[in-house]
Amino acid sequence: MNNPYTSEVAERGSRRRRQPGPLGLLTAVWLMVFLPASAAGSWVERRHIGPFRLYAEFPLQKTGRLMADLRRLPDDLWQALRLPPPDGVIDVYLFEARNSYQRYLAANLPDAPRQRRALFVRSGDSSRVFAYRSRHLNTDVRHECTHALLHAALPMVPLWLDEGLATYFEVAPGDRFRGHRARRGAIWDMRLGRMEGLGDLEKVSSVASFTAGDYRASWAWVHFMIHGPPEARDTLIAYLADIRARQPPGSLHVRLRHEIRDLVRRFEKHHLRQ
Ligand SMILES: [Zn+2]
C-alpha cells in the first residue's frame, strides 16, 4: 500500500452500504438520517454554484480552482456521458479540519464511516457531500460530487462504473486525459498481466472487497470508453441511457465485446500507446 493512490482510494472506499438495485445491479446509497439545520457547522461562507449548494467553514477562495471545476462538472458529465444535470440541489459541506468534520458526522450521521476523508450521502431526493480541508480536498470533492451527479441522473449505478467514473472525474479537467495518478499504476498492472478483467470487475458486489487495483482497472476502462474508439463511448452512453430509462442494461462487458473486435487488445493498446 505504498502507492499514494492506493491509500487514498482505500480511505474513501466504503462510504456507503450497497444492496441489490431494482434491476439487479447495485445501488450506492447511504440511508439518510435526520440532519437538523440547527446542527449546522459554523459556516463562514455559503455559495450556490450550478446544482451545488456549498457550506464552508473557511473562505472558498482558499480552494483555488475547485469552484470553477464544480461549475463545469455537470456539463462535463453531459459532454462525456450524455447525462443531464440534476433538477434538485446537491448540498456540499466543507469543514476546516478533520476534527470538525468528524464531530459533525458523529452528531448528525452516527453510522457514517468517519475515518473517510469524504462522503456522499443520498436518501430519496436528498444528496449531500461532506469533506474537510486537506491537500486532497479538491480531488475528494470532485470525486464525491461526481457520485452525486451520477446518482441524481440514474436510478442505480454498477459499483465498478460508479467508482471508475468518479475516479476519472476527480482530477482537474485538464488532467483527465493524461494526468491522472491512476494511469501509471494501471499501465504497470497491464504490463504485468495483473489487471482485473472487466467481466470480473462487474462481479464485485461489495465495496468492502473493491481493491485499489479494482479502482485502477475501473478508471482504465472508463478512460478507454471516453477517449478510445468512438463505438466504445457510444456503447457506454447507450448503456447509461438504458439504466436511466429503467431498462435492464445487462452487462457492459458483453455489450463492448459485441461492438468491438479484439476488445482487450484494443483496450491495452489504448493505454500502452499513450
Ligand atoms: Zn467513490
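Undergrad: Provide a residue-level description of the side chain of Arg-122, including the pertinent values.
TA: Assignment of secondary structure puts Arg-122 in strand S4 (residues 118-123). With no salt bridge to any partner, buried Arg-122 finds its closest opposite charge in Asp-125, at an N-O distance of 4.8 Å. A polar contact is formed between the side chain of Arg-122 and the side chain of Ser-127, at a distance of 2.9 Å.

Undergrad: Can you break down the layout of surface pockets residue by residue, with the values?
TA: Taken as a whole, the largest pocket spans an internal volume of roughly 170 Å³. Taken together, 13 residues make up the lining of the largest pocket; nearest its centre are Pro-86, Asp-87, Gly-88, Arg-122 and Ala-152. Partitioning the lining of the largest pocket into residue classes produces seven nonpolar, two polar and four charged.

Undergrad: How would you explain the pattern of salt bridges if you had to name every residue and give the values?
TA: Within this structure, the stated rule accounts for 15 salt bridges. In this structure, Arg-176 engages Asp-76 in a salt bridge whose closest nitrogen and oxygen atoms are separated by 2.8 Å. One end of the pair, Arg-176, is in the loop between helix H5 (159-169) and helix H6 (182-191); the other, Asp-76, is in helix H2 (residues 66-81), and 100 residues separate them in sequence. Given a relative accessible area of 5%, Arg-176 falls into the buried group.

Undergrad: So what's going on with the coordination of the zinc ion? Which residues, and what values?
TA: Reference geometry at the metal: tetrahedral coordination by four donors gives ideal angles of 109.5 degrees; octahedral coordination by six donors gives 90 or 180 degrees. In the first shell of the zinc ion, the protein supplies His-143 (NE2), His-147 (NE2) and Glu-163 (OE), at 2.1 Å from the metal. Every donor residue of the zinc ion comes from the same chain, spaced as H-x3-H-x15-E. On the criterion of sequence distance, the pair formed by His-147 in helix H4 (residues 137-153) and Glu-163 in helix H5 is long-range, its members being 16 residues apart. Accessibility assignment for this pair places His-147 and Glu-163 in one class, buried.

Undergrad: Any details on empty space enclosed by the protein? Residues and values, ideally.
TA: Taken as a whole and assessed by the stated rule, the structure comprises one cavity of 30 Å³ or more. Empty space within the largest cavity amounts to approximately 40 Å³. If you go around the largest cavity, the residues you meet are Pro-74, Leu-77, Leu-83, Pro-84, Pro-85, Pro-86 and Leu-149. In terms of residue class, the lining of the largest cavity is built from seven nonpolar, no polar and no charged.

Undergrad: Report on the pairing of strand S5 (residues 126-132), specifying residues and quantitative values.
TA: A large share of S5 lies buried, amounting to six of its seven residues. Across six bridges, the pairing between strand S3 (residues 90-95) and S5 is parallel. Bridge assignment links Tyr-93 to a residue of S5, and that residue is Phe-130. Where S4 and S5 come together, six bridges link them in antiparallel fashion. From the neighbouring strand, Phe-120 faces S5, where its bridge partner is Val-129.

Undergrad: Quick rundown of the confidence of the model for the protein? Include the residues and the values.
TA: Put simply, the protein has an average pLDDT of 87, and 85% of its residues get 70 or more. Across residues 1-39 the pLDDT falls below 50, and counting only partners more than four positions away or on other chains, this stretch makes 125 contacts in the model.

Undergrad: Before we move on, could you go through the environment of Asp-214 and cite the residues and values that matter?
TA: In this structure, Asp-214 sits in helix H8 (residues 212-227). On the basis of relative accessible area, Asp-214 is assigned to the buried category, the value being 3%. Through-space distance from the C-alpha of Asp-214 to that of Gly-164 is 8.8 Å; in sequence the pair is 50 residues apart. With residues up to four places along the chain from it excluded, the contact list for Asp-214 reads Glu-196, Leu-201, Val-204 and Ser-209.

Definitions and cut-offs
- Residues numbered from 1 in each chain as written.
- Predicted model: local features only at pLDDT ≥ 70, side-chain atom pairs only at ≥ 80, totals over all residues.
- Heavy atoms only, no water.
- Helix = DSSP H or I, 4+ residues; strand = E, 2+ residues; numbered from the N terminus.
- Buried < 20%, exposed > 50% of the residue type's maximum accessible area, 1.4 Å probe, protein only.
- Lys, Arg positive; Asp, Glu negative; His and termini not counted.
- Salt bridge = Lys/Arg side-chain N within 4 Å of Asp/Glu carboxyl O.
- Polar contact = N/O pair within 3.5 Å; in protein donor to acceptor, adjacent residues only side chain to side chain.
- 1 Å grid on protein atoms, 1.4 Å probe; cavity = no way out; pocket = protein on both sides within 12 Å on 5 of 7 lines; lining within 4 Å.
- Points joined across faces, edges and corners; volume = space filled by probe spheres on them.
- Nonpolar A, V, L, I, M, F, W, Y, C, P; charged D, E, K, R; others polar.
- Donors = N, O, S within 2.8 Å, 3.2 Å for Na, K, Ca; no water.
- Pairing = 2+ DSSP bridges.
- pLDDT = per-residue confidence, 0-100.
- Contact = heavy atoms within 4.5 Å.

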